[in-house]
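# Reading the structure
As a plain string of letters, each chain reads:
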Amino acid sequence: MDVKIEPSWKEALTEEFGKPYFKELTDFVKEEYKSKTVFPHPKAIFRAFELTPFRAVKVVILGQDPYHGPGQANGLSFAVSEGVQIPPSLQNIFKEIEDEFGEKPRQDGDLSRWARQGVLLLNATLTVRARAAGSHQGKGWEAFTDAAIAALSAQREHLVFMLWGNYAKAKGAHIDRSKHLVLETTHPSPFSAHHGFLGSGQFRKANEYLAEHKEAPIDWR
């Protein structure tokens with residue numbers, strides 16, 4: 001199957017595109033876009049891969065679903081389109097960054113500035129029906145994103161994986177922790193951020209690990 005995705009990712013995931021589950025997933029998603037309102041825009045489904053090629057990845061931040069409100073989802077986990085009000089989880093992410101570095105980060109929710117520095121902002125499920133959280137779970141996206149994580153784990157070294165919340169932690173089963181740093185804490189949502197995420201030092205720890213392995217740190221601000 002010919003999938004329009006960034007070339008280095010296409011090479012890394014080429015086996016997935018020929019598997020039966022991926023054809024079923026593709027057929028399902030195409031039909032959903034025809035008959036329902038689905039986010040993100042079709043051209044943004046693989047945006048995380050486009051902005052952060054396979055060999056450019058330094059950090060992986062795993063989300064669950066795209067946002068399901070109008071104008072929010074832009075293909076990057078936790079991010080929203082430019083000019084859209086910043087959601088509570090991202091507000092807490094920015095708060096943690098400010099606490100860690102002593103400087104208020106730019107209040108722009110797009111986050112493509114992180115992606116271009118090597119932060120793969122990957123949702124476990126890459127599409128969602130409008131106003132229906134989890135509506136595209138269990139259709140095959142999880143197998144595809146598991147394969148992406150497994151490929152990074154196997155073929156790269158000294159990456160940082162940020163797993164926030166139980167859903168993301170479960171995806172950590174595909175990571176070789178002997179050669180990558182895995183940072184686990186609670187989800188940054190208002191319901192759980194105060195039970196581990198805030199004060200966790202996630203972003204400083206990531207930068208220290210990257211510097212230790214001769215990689216340029218991420219400018220999270």
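First things first, this report covers the structure right here in the doc. This one's a predicted model, so the numbers in the text were calculated from it and none came from an experiment.

The rules behind these values
- Residues numbered from 1 in each chain as written.
- Predicted model: local features only at pLDDT ≥ 70, side-chain atom pairs only at ≥ 80, totals over all residues.
- Heavy atoms only, no water.
- Axes fitted to C-alpha atoms, helices over the stretch in contact; angles between N-to-C directions.
- Helix = DSSP H or I, 4+ residues; strand = E, 2+ residues; numbered from the N terminus.
- Parallel < 35°, antiparallel > 145°, perpendicular 65-115°, else oblique.
- Contact = heavy atoms within 4.5 Å.
- Nonpolar A, V, L, I, M, F, W, Y, C, P; charged D, E, K, R; others polar.
- Salt bridge = Lys/Arg side-chain N within 4 Å of Asp/Glu carboxyl O.
- Buried < 20%, exposed > 50% of the residue type's maximum accessible area, 1.4 Å probe, protein only.
- Lys, Arg positive; Asp, Glu negative; His and termini not counted.
- Polar contact = N/O pair within 3.5 Å; in protein donor to acceptor, adjacent residues only side chain to side chain.
- Core = buried A, V, L, I, M, F, W, Y, C linked by side-chain atoms within 4.5 Å.

## Focus on the packing of helix α5 (residues 88-101) against helix α9 (residues 202-212)
The description of two helices packed together rests on the angle between their axes and the distance between the axes. The contact between α5 and α9 brings their axes to 8 Å, and the two run at 60°. Taken as axis vectors, α5 and α9 run oblique relative to one another. Residue-level inspection shows Ile93, Glu96, Ile97, Glu100 and Phe101 of α5 in contact with α9, the latter providing Gln202, Phe203, Arg204 and Asn207. The residue inventory of the contact of α5 with α9, partitioned by class, reads four nonpolar, two polar and three charged.

## As for the pattern of salt bridges
Taken as a whole and judged by the stated rule, the model has 13 salt bridges. Notably, a salt bridge pairs glutamate 32 with arginine 129, separated by 2.9 Å at the nearest N-O pair. Here glutamate 32, found in helix α3 (residues 20-35), pairs with arginine 129, found in strand β4 (residues 128-129); they are 97 residues apart in sequence, far enough to count as distant. You can call glutamate 32 buried: its relative accessible area is 6%.

## Topic: the side chain of lysine 58
Residue position: lysine 58 is located in the loop between α4 (47-51) and β2 (59-63). It turns out lysine 58 is buried and unbridged, and the closest side chain with the opposite charge, glutamate 215, is 4.2 Å from it. Engagement of the side chain of lysine 58 in a polar contact is seen with the backbone oxygen of alanine 216, the distance being 2.9 Å. Sequence-distant contacts of lysine 58, that is, excluding residues within four places in its chain, are made with Gln117, Gly118, Leu159, Val160, Leu210, Glu215, Ala216 and Ile218.

## So, the nonpolar core
In this structure, Trp9, Phe49, Ile61, Trp114, Phe144, Met162 and Trp220 are the most contacted members of the largest nonpolar core, which totals 65 residues. When residues in this core are grouped by element, the largest group, seven residues, is from helix α7 (residues 141-155). Sequence-distant contacts of tryptophan 114, that is, excluding residues within four places in its chain, are made with Ile61, Ile93, Phe94, Ile97, Val119, Leu121, Asp219 and Trp220.

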